[in-house]
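The lines below spell out each chain.
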Amino acid sequence: MRRTLTYYVRLTVLVSLLMHSLLQHAFAQASYVVTGRVLDSKSVPLPGASIKVNGTQQGAVADPNGNFRLELNAPVTLVISFTGMITKTVQVSSANTKVDVTLADGGKQLSDVVVVGYGTQRRSDVTGSVASVPKNRLSQLPVTNVLQALEGAVAGVNITTVSSIPGSQPAATVRGQNSITASNAPFVVVDGIPLSKTGGSLNDINPNDIASMEILKDASAAAVYGTNGANGVILITTKRGSIGKPVIRYNGYAGLENYAHVLQPRDPASFTQKYLDYLKQNNLPQQFTEPVYNNGERANYAAGRTVNWLDEISQQGVMQDHNLSVQGGSPDVKYFVSGDYLKQKGILQGYQYQRVSFRSNLDINVTDFLTVGASAFFTNNNYDGGRVNLLFATALSPYGNIYNADGTYAIYPQAPEQLYTNAFLGLTTDVVNRSVNAVGNGYADVKFDKLIKGLRYRLNVGYNYLPTRYNSYSGRLANSTIGSATATANETTGYTIDNLLYYVRDFNKHRIDFTGLYGAQRTRYFSQTSGATGFVNDALSYNNIGAGATQTAGSNSTRYALNYYMARAVYSYDQRYVATLTFRRDGSSVFGANTSKFGTFPSAALAWNISNENFIKSVKWINTLKLRGSYGKSGNEAIGVYGTITTDNSVRFPFNGVSLVGLQAGNLGNVNLQWETTKSGNIGIDFAVLNSRISGTLDFYHNITDGLLLRRVLPAVTGYANVLDNLGKTRNKGVELTVNTRNIQSKTFSWESNIVFAANKNKIVDLFGDGQNDVANNLFIGSPVGSIYDYRMTGVWQTGEDASRQDPSAKPGDLKFADTNGDGRITADDRVILGQTAPKWTGGISNTFRYQNLSLTVFIQTAQGMLRNNTDFNYADEAGRRNTPAEIGYWTPTNGSQEFQSLSYTNTRGYGYPRNASFTRLKDITLSYTVPQSMVNKLGISTLSIYASGRNLHTWTKWIGWDPQQTYYTRGVTSQANDQSAFAAGFNNNYPITRTVVLGLNISLK
């Protein structure tokens, strides 16, 4: 009995111990949720604050209200940080699941990380001029191209929207125009792999996928890209995975597009009065009883039938975008997957753009020393469709006919007048215009800490495949009596391989940050085109080009190669003194056979973090003060593939009744051609004062670009008109200022401002080495690139004024010009430099107001000191036969206008009508509301916000026309290029600037 009792006692103890162990283990593994809020010292939420579990990769990011949520299974230490704030640690456990943290200002730490070329650096160690794009410009704005969001928002970066064609890309320059004939566009790099020179564009990058954007502006920052760095570099980092359970996000918006400004044609009454005044001023008889030009318009005039051509070609523009992403991962595997669909219907019939894109980013910690990752994105761009013609619509008579009796479009609405065809004829054409960009990137990152602490190797590999397709057919309905078809297929492939070696080590107060690079790029392009005319009917469109009577065909192929190596060393002492030395050497296949094909691009920079000095630390109102200086050299390839080689063009010619193929002089090569080289100096100051309530950056720069590629004119006896040579020199200097202020901060209300200002002075220093100007191309030594060289208009000759001495051929109503050289006559020698097409200074101010869960952002931009030729003022070539804008008046003896010429004036001097194109624009307004966390928790979601946003809402300007930035092409200016950006320069693709208003929704699921 005792033995049995003892057995049961032992068994009970054993079971109790086992149960205790199991329960202890179960409780240890039981999960619990920690929630909290991150605020600053003024109780203002800190959206985007980082919450990390110490010693792991697990963490979270604070939402727009500063709230965060973490699921844990053991007591841990949370490390909570925010840029510019002092990092704080908090102990949490199942007994402490509610955490509200207030972070103190840490402006003196300068510890945040900045993306630079081929890596990252502590902001305190950055010696070059690197601008970070405000993150609020990367979301909640209805843009198809991220450059549209940058317009006016970054000092020294000039974005110009010359057209709002759906899917078009704005032009961008950084710190002025360095080159005269070559591209001045910045070099674009996405996740370390170049996007520029691969056939792709920023249209291929979904703005929702972008985590950050940095712009390298001076030589210290951009010289690491060598021959591609002269015009600045845009670095884009896309979103990547994060530790934690999957987070599903939906971002979408839909809205309407309309004209930002309408340059209305004359109404019927004004149109007929202009016709009568035209006849009177030109002493011409009135042909018909009715005041119209053509016999075909008489019936419509008599019946009172009119047509508003601009209204007829217009439609309600619609824009929508839907983005779905999944982000998450474990400490060893992190992922980000995103899909996006964008559709834009333009305000002019036939104009549309659709984009479908997909992105996948994956990062895997294979071991404690090896990390590998892959990125892939696929974008399909669709610009299909025939289009109406805006220029014709604004020129046609309101008494013209849109349709024939059978319902088809009238070829000549003002028949028998054949000056203009119907603005709708483009809709009858078949057009397929598409491009695909498929890119795959991979990397392997190896740490050698066990061998040499701080040593790391990284291999980056990128491959791109970009096919494009352009097919078109114009038939009888489009005024092609025999039919015309073309089919073009282009294919661009390329790869990039970068071998990177990093060594970062701290030795007490010393820090060494070394980057070494050896890499190569290859690009191949192939194009083939077939075409035909003379089709029996239009039934098969471009689908059977072989059925055409006359056949054409062609193909083209190019290869491009670039090898490069680079070394960058950054030394920092006590986070006070920093020195950066960079050396890059590039070898490019595009340069001449007599050159080494290699160029060297060194740079050096120094920085002094004055605020870390003891004598400044006692000055409480100074939080950050840093002085930077840099000097270096970068390059611009400037010429296309095979531009240094002499080539001939094939030509067909008749001989004895037979068509033969011969050769004629094409391009005269220059085997000595080299890079355009830019030497750049920069002095900058970074500052933050009054508890970082006011912070910013001030930069002064001076760039000299020499070896400019210009075309030297050759004697006709050589058979060539000109040859490219390294001849010219330009100079750019300027100042850039960025100021961020926290004007009001309270528990429920805050007001923040961001102000940017940039002034640039551009000058041509030399052209052909002989001190002579190139008047024919408006290039003048001592004046800016893009100067306006013309007569200075002083008014209009009035009735009774004597013009016989100064301008003998002038009559009342003719333009009056200044005799600038004082010889008593108006001749070509009276032309002077009147101004420049680029702005002398630009600026922008953004104000963000937050009240509890409401946020309002208002952004205004300005560009001043611009002069542009206004083609809307000159219709002499139309001989009075067209409608004209109602805002463009004309002189009569009665009104005595001093601004507009008479209807009989002939512009024999080729005056360009330069006018002030300066403007100030209410660029965008965004109102958003974040639903309180208590409410969204009930809905089973993580965050929910809604917003309304508008772009190009109003423009203040003296410019008379569609828009001071818009490029408006005159009749006859055209281009045959099949431009995949959907903007082929020409009057058949004129398109106005648009105003967009959308409603959007952002949702995050738990």
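All values reported here derive from a predicted model rather than from experimental measurement.

Colleague: Even after reading the chapter, I still don't get the overall build of the protein, so can you show me in this structure?
Modeller: In terms of regular secondary structure, the protein is built from nine helices and 46 strands. The globule rule puts the C-alpha radius of gyration for 1006 residues at 30 Å, and the 33 Å found for the protein is close to it. Counting only C-alpha atoms, the protein reaches 135 × 65 × 65 Å along its principal axes. When burial is assessed residue by residue, the protein has 50% of its 1006 residues classed as buried. By sequence separation, contacts in the protein at least 24 residues apart represent 69% of the contacts at least 6 residues apart. Accessible surface computed for the protein: about 44,400 Å², of which carbon and sulfur atoms make up 56%.

Colleague: Help me out: how do you make sense of the confidence of the model for the protein in this one?
Modeller: Note: predicted coordinates in regions of low pLDDT should not be interpreted at a detailed level. Of the residues in the protein, 94% have a pLDDT of 70 or more, and the chain-wide mean is 88. Confidence, read as mean pLDDT per element, is least for helix H1 (residues 2-29) in the protein (42) and greatest for helix H6 (residues 309-313) (96). Of the regions scoring below 50 in pLDDT, residues 1-29 engages in two contacts with residues more than four places distant in sequence or in other chains. Under a pLDDT of 50 for its full length, residues 107-111 has, in the predicted model, 18 contacts with residues more than four places off or in other chains.

Colleague: Would you mind going over the sheet that holds strand S6 (residues 88-92) with me for this structure?
Modeller: The sheet built from four strands is open, its strands ordered S3-S2-S5-S6 with antiparallel pairing. Looking along the sheet, the strands with just one partner apiece sit at the ends: strand S3 (59-61) and S6. Direction aside, the axes of adjacent strands within the sheet are offset by 20° on average. Pairing between strand S2 (residues 50-53) and S3: three bridges, direction antiparallel. Looking across to S3, one finds that Ile51 is bridged to Ala60.

Colleague: When you look at a nonpolar patch on the surface in this model, what are you seeing that I'm missing?
Modeller: Together, Tyr577, Trp608, Phe615, Leu627, Ile683, Ile685 and Phe700 line one region of the surface with nonpolar side chains, adding up to about 640 Å² of accessible area. Of note, Phe700 is situated in strand S33 (residues 694-713). Taking relative accessible area as the criterion, Phe700 reaches 44% and is therefore assigned partly exposed.

Colleague: Is there a simple way to explain helix H4 (residues 268-281) in this structure?
Modeller: Side chains three or four residues apart in an α-helix point the same way, a direct result of the helix having 3.6 residues per turn. Here H4 spans 20 Å end to end across 14 residues, near enough to the 20 Å set by a 1.5 Å rise per residue. Buried residues of H4: Phe271, Thr272, Lys274, Tyr275, Asp277, Tyr278, Leu279 and Gln281, and no others. Directly after H4, the chain includes Asn283, whose backbone phi takes a positive value near 55°.

Colleague: Explain empty space enclosed by the protein here, please?
Modeller: Where empty space is left can be seen by rolling a probe of water-molecule size over the atoms. Scanning the model with the defined rule gives eight cavities of 30 Å³ or more in all. Considered as a void within the structure, the largest cavity measures approximately 180 Å³ in volume. Lining the largest cavity are 20 residues, with Gln148, Ser164, Glu257, Arg951 and Thr994 sitting closest to its centre. Here the lining of the largest cavity is built from residues that sort into five nonpolar, 11 polar and four charged.

Colleague: Quick question: what am I supposed to make of the sheet that holds strand S15 (residues 210-216) here?
Modeller: Where strands meet in a sheet, backbone hydrogen bonds hold them as pairs that are either parallel or antiparallel. Spatial strand order, S10-S15-S16-S13-S14: five strands in an open sheet with mixed pairing. Edge positions in the open sheet fall to strand S10 (130-132) and strand S14 (193-194), since each of these has one partner strand only. Relative to S15, S10 runs antiparallel, the two sharing three bridges. Bridged to Ala131 within S15 is Ile215.

Colleague: Would you explain the nonpolar core in this entry?
Modeller: Grouped together as the largest cluster of nonpolar side chains are 29 residues, with contacts concentrated most on Tyr118, Val130, Leu216, Tyr225, Val233 and Ile639. Counting residues per element, the ones that place at least two in this core are strand S8 (113-116), strand S13 (187-190), helix H3 (219-222), strand S16 (233-238), strand S24 (484-507) and strand S26 (550-573). Ranked by residues supplied to this core, first place goes to S26 with four residues. Among residues more than four places away in sequence, those in contact with Tyr118 are Val224, Tyr225, Asp498, Leu500, Tyr502, Thr515, Leu517, Tyr564, Met566, Arg568 and Arg584. Counting residues in each nonpolar core, the second largest holds 26 residues, with Ala393, Trp962, Tyr968 and Tyr969 among its members.

Colleague: It is not clear to me how the pattern of salt bridges should be interpreted in this structure. Could you clarify?
Modeller: Side chains that differ in sign of charge can pair as their charged atoms come close. On inspection of all chains with the given rule, the structure shows 27 salt bridges. Residues Arg712 and Asp725 are paired through a salt bridge, measuring 3.1 Å at the closest nitrogen-oxygen approach. Note that Arg712 is positioned in strand S33 and Asp725 in strand S34 (residues 722-745), a separation of 13 residues in sequence. The partner of Lys816 in a salt bridge is Glu801, and the shortest N-O contact between them spans 2.9 Å. A residue pair is termed long-range when its members are at least 10 positions apart, and Lys816 in strand S38 (residues 815-817) and Glu801 in the loop between strand S37 (793-796) and S38 qualify at 15 residues. Here the residues in one salt-bridge network are Arg122, Asp125, Asp506 and Arg511, joined through shared partners.

Colleague: Sorry, what's going on with the side chain of Ser196 here?
Modeller: Residue position: Ser196 is located in the loop between S14 and S15. Taking relative accessible area as the criterion, Ser196 reaches 17% and is therefore assigned buried. Beyond its immediate chain neighbours, meaning those up to four positions away, Ser196 contacts Pro186, Phe187 and Val188.

Parameters and conventions
- Residues numbered from 1 in each chain as written.
- Predicted model: local features only at pLDDT ≥ 70, side-chain atom pairs only at ≥ 80, totals over all residues.
- Heavy atoms only, no water.
- Helix = DSSP H or I, 4+ residues; strand = E, 2+ residues; numbered from the N terminus.
- Rg over C-alpha atoms; globule rule 2.2 N^0.38 Å.
- Buried < 20%, exposed > 50% of the residue type's maximum accessible area, 1.4 Å probe, protein only.
- Contact = heavy atoms within 4.5 Å.
- Areas by Shrake-Rupley, 256 points an atom, 1.4 Å probe, with all protein chains shown as cover.
- pLDDT = per-residue confidence, 0-100.
- Pairing = 2+ DSSP bridges.
- Axes fitted to C-alpha atoms, helices over the stretch in contact; angles between N-to-C directions.
- Patch = residues over 30% accessible without salt bridge, like charges linked within 9 Å, V, L, I, M, F, W, Y side chains within 5 Å.
- Salt bridge = Lys/Arg side-chain N within 4 Å of Asp/Glu carboxyl O.
- Expected span 1.5 Å × (residues − 1).
- 1 Å grid on protein atoms, 1.4 Å probe; cavity = no way out; pocket = protein on both sides within 12 Å on 5 of 7 lines; lining within 4 Å.
- Points joined across faces, edges and corners; volume = space filled by probe spheres on them.
- Nonpolar A, V, L, I, M, F, W, Y, C, P; charged D, E, K, R; others polar.
- Core = buried A, V, L, I, M, F, W, Y, C linked by side-chain atoms within 4.5 Å.

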